[in-house]
Amino acid sequence: MNRLDKPGRAVFLDKDGTLIVDIPYNVDPASITLAPGAPEGLARLHKAGYRLVVISNQSGVARGRFAAEALVPVESRLRELLAEVGVPLAGFYFCPHHPEGSVPEYATTCDCRKPKPGMLILAAEELGIDLSRSWFIGDILNDVEAGHRAGCRSVLLDVGNETEWVAGPDRTPDFTASDLLQAANLILQADASLASNPPTGARA
Ligand SMILES: [Zn+2]
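Residues numbered from 1 in each chain as written. Predicted model: local features only at pLDDT ≥ 70, side-chain atom pairs only at ≥ 80, totals over all residues.

**Student:** Even after reading the chapter, I still don't get the overall build of the chain, so can you show me in this structure?
**Tutor:** Along its length, the chain carries five helices and six strands. Going residue by residue from the N terminus, the α and β elements of the chain occur as β-α-β-α-β-α-β-α-β-β-α. Against the compact-globule benchmark of 17 Å for 204 residues, the chain has a radius of gyration of 17 Å, which places it among compact chains. Principal axes of the C-alpha set define a box for the chain whose edges measure 50 × 40 × 40 Å. Considering the chain as a whole, with its 204 residues, one finds that 40% of them fall into the buried category. Counted over contacts in the chain with a minimum sequence separation of 6, partners at least 24 positions apart contribute 65%. (Helix = DSSP H or I, 4+ residues; strand = E, 2+ residues; numbered from the N terminus. Rg over C-alpha atoms; globule rule 2.2 N^0.38 Å. Buried ≥ 20, exposed ≤ 12 C-beta atoms within 10 Å, placed from the backbone. Contact = placed C-beta atoms within 7 Å.)

**Student:** Honestly, the nonpolar core in this entry has me stumped. Any pointers?
**Tutor:** A general feature of soluble globular proteins is that nonpolar side chains tend to end up buried together. Residues Val11, Phe12, Leu13, Val53, Leu120 and Ile137 are the most contacted members of the largest nonpolar core, which totals 49 residues. Ignoring any residue separated from it by four or fewer positions in sequence, one finds Ile137 in contact with Val11, Leu13, Asp14, Thr18, Val155, Leu157, Leu180 and Ala183. (Core = buried A, V, L, I, M, F, W, Y, C linked by C-beta atoms within 7 Å.)

**Student:** What is the right way to read the environment of Ala10 from this model?
**Tutor:** Structurally, Ala10 is set in strand 1 (residues 10–13). The class of Ala10 is buried, set by 28 C-beta atoms lying within 10 Å. Distance in space between the C-alpha atoms of Ala10 and Val53 is 7.1 Å, their sequence separation being 43 residues. When neighbours within four sequence positions are excluded, Ala10 is seen to be in contact with Tyr50, Arg51, Val53, Ala90, Ile129 and Ser134.

**Student:** What is the right way to look at the packing of helix 1 (residues 38–47) against helix 5 (residues 180–196) in this model?
**Tutor:** Between two packed helices, the angle of one axis relative to the other and the distance separating the axes together describe the packing. Viewed as axis vectors pointing N to C, helix 1 and helix 5 meet at an angle of 20°, and their least axial separation amounts to 7 Å. Classified by the angle their axes make, helix 1 and helix 5 are roughly parallel. Viewed along their axes, helix 1 and helix 5 form a crossing whose handedness is left-handed. Contacts between helix 1 and helix 5 involve Ala38, Glu40, Gly41, Leu42, Arg44 and Leu45 from the first element and Leu180, Leu181, Ala183, Ala184, Ile187 and Leu188 from the second. By residue class, the composition of the contact of helix 1 with helix 5 is nine nonpolar, one polar and two charged. (Axes fitted to C-alpha atoms, helices over the stretch in contact; angles between N-to-C directions. Parallel < 35°, antiparallel > 145°, perpendicular 65-115°, else oblique. Left-handed = near helix turned anticlockwise from the far one by under 90°. Nonpolar A, V, L, I, M, F, W, Y, C, P; charged D, E, K, R; others polar.)

Everything listed is a geometric property; what it means functionally is a separate question.
Encoded structure:
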């Protein structure tokens, strides 16, 4: 049996404020820069066998700030910046919706906008990912909740982007980190100790 037959582990990544420096509603590829710690952190996760998948709310589409097509060059630039540091992206998913949007086609309640887990569930189906062995890294609690509702563990990047701290089920991160490098190290340590000390009843 090919090892690729086994569903893989992934680290899902929020985009704005997590993977890249946040510039609200930016779709200019030239203005995209990787966040501090991203090159090193993602390289470590990639080498350890995690697939890296972007999961992004892009309500700018529903709000008429930019067209959904504007995200094609954004994805390309992101892949290019990551390729420069030897890191491939396994997937790029975005939600164009917002219930209060101004573009009728996208002004709806959907199953994909975080904190709902729809994009993670779709990515898991399309890419063959085992959500229970996967993680979500994001900079707000809606990312944490989306990850947990999909069955993943989570790391919150506490970089000042969460300002409301609304509590609720599924909104307590497993870990908090100051950047993606620290987040990657926490994930690698947690999974290494899980591998050497599996919980009772865990699958081999
Ligand atoms: Zn959506």
